[in-house]
Amino acid sequence: MSHGDERDGVALTNLDQPLFEGAGATKRDLVDYLDAVRDRIIPELRGRPLSVMRVLRGQRPFMQKNVPKYTPSWVRRVTVWAESSKREVSYALCDDRRTLLWFANQRAVEYHPALVRAEAPERPTHLVLDLDPPVANAFTLAVRAAQLVRQALTDAGLSGAVKTSGAKGVHVFVPLAPDATADDVAAATRALAARAERLDPVLATTAYIREDRGDRVFLDSTRAGGATVVAAYSPRLRPGTPVSFPVAWDELDRVTPADFTIHTAPRLIGDGDPWAGAMPAPQRLGSDLIEEGRAIPVARVQAMHEGKRRARARRA
């Protein structure tokens, strides 16, 4: 059957259609890839409120948080109060192969799990720094910034794992002991970003306002609390359909994000699970790190005030 087939009770449709403009892949490639890596990606998604980026034919990609009305009853879900929009959001939990295949058939290309589990929404499981280079082809800068973050972690008695974002930057993950609160983790993330910036302020910056960054790598410390980060092994809506992929610290300067695509990644993963393998044991955050971070303003809030201040200055 060329038009569709069924796997694990999920009817798969229109498999020979291109995934999106420039994907270099069909919907079948997406389904086959996610099924091939299911034993690695499902542990990253399981039990976590999931947002996905979907791309339907002839439409712009969109982020889906609320599950659609037509979602099958066997897809597990969790209801979360969204403070920003003052409403309840019903998120899917992608806990099994059948749910993953259903999402793939919905043309969900990107998988963005929350940094918390549904049953413990106040307890982030990881501290994450997102390193975003100033322009698209500056991955080498992101790699240098990641080494600054690694040094800041080492100095704080911590260690992390690193992966390509699948776009232009890298993500550093530090697994946390279960006693860390969302506020503590957010503060520690800000402190680590500030410490990394101090190691080389010409290379890296914590400036939240884009025009203030110049040609420096942005150390994004805002992936805390209720935030999501694209999962390891998730495809991305980028030319060639790259995937977010784990890389050993000492291999970082030998790779490019384009090395890892839905076509190449299954072979590169092999029989193991390099992300699980690279992840250190859960760690406690030092009180000095948390205290230092508490004194650093939250970037978004600071940027909002600064934006208003600049607007007033322009008017004056």
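Up top you'll find the structure we're talking about.
Residues numbered from 1 in each chain as written. Predicted model: local features only at pLDDT ≥ 70, side-chain atom pairs only at ≥ 80, totals over all residues. Heavy atoms only, no water.

### Overview of the sheet that holds strand E8 (residues 126-132)
- Strand order in this open sheet of 6 strands is E11-E12-E8-E10-E9-E13, and the pairing throughout is mixed. This sheet does not close on itself; its edge strands, each paired only once, are strand E11 (204-205) and strand E13 (246-247).
- Pairing geometry for E8 and strand E10 (residues 170-175), over 6 bridges, is antiparallel. Across the sheet, the residue bridging to His-126 is Pro-175, located in E10.
- Sitting on the sheet, helix H4 (residues 139-155) is in contact with E8, strand E9 (161-164), E10, E11 and strand E12 (217-220), with an inclination near 20° to E10.
- Where helix H5 (residues 182-199) meets the sheet, it contacts E8, E11 and E12, and its direction lies at approximately 40° from that of E8. (Pairing = 2+ DSSP bridges. Helix = DSSP H or I, 4+ residues; strand = E, 2+ residues; numbered from the N terminus. Contact = heavy atoms within 4.5 Å. Axes fitted to C-alpha atoms, helices over the stretch in contact; angles between N-to-C directions.)

### Examining the packing of aromatic side chains
- Under the defined criterion, the tally for this structure stands at 6 aromatic pairs.
- With centroids separated by 5.2 Å and ring planes inclined at 65°, the aromatic side chains of Trp-102 and Phe-103 adopt a geometry described as edge-to-face.
- Owing to a relative accessible area of 2%, Phe-103 belongs among the buried residues under this scheme.
- Pairing Tyr-233 with Phe-245 gives two aromatic rings, centres 6.1 Å apart and planes at 85°, and the pair type is edge-to-face. (Phe/Tyr/Trp six-rings, centres within 6.5 Å; stacked < 30°, edge-to-face > 60°. Buried < 20%, exposed > 50% of the residue type's maximum accessible area, 1.4 Å probe, protein only.)

### Points about the pairing of E9
- Residues Ala-161 and Lys-163 point to one face of E9 and Val-162 and Thr-164 to the other, with burial holding for every one of them.
- Bridge count between E9 and E10: 4 bridges; the pairing is antiparallel. Bridge pairing in E10 places Ala-161 opposite Phe-173.
- Linking two consecutive strands that pair antiparallel, namely E9 and E10, is a turn of 5 residues; a positive phi of about 90° is found at Gly-166 within it.
- One ladder, built from 2 bridges, connects E9 with E13; its direction is antiparallel. Within E13, the position partnered with Lys-163 by the bridge is Pro-246.

### Quick word on the environment of Gly-307
- As for its placement among the helices and strands, Gly-307 is situated in helix H9 (residues 299-315).
- Sequence separation between Gly-307 and Ile-209 is 98 residues; the distance between their C-alpha atoms is 8.5 Å.

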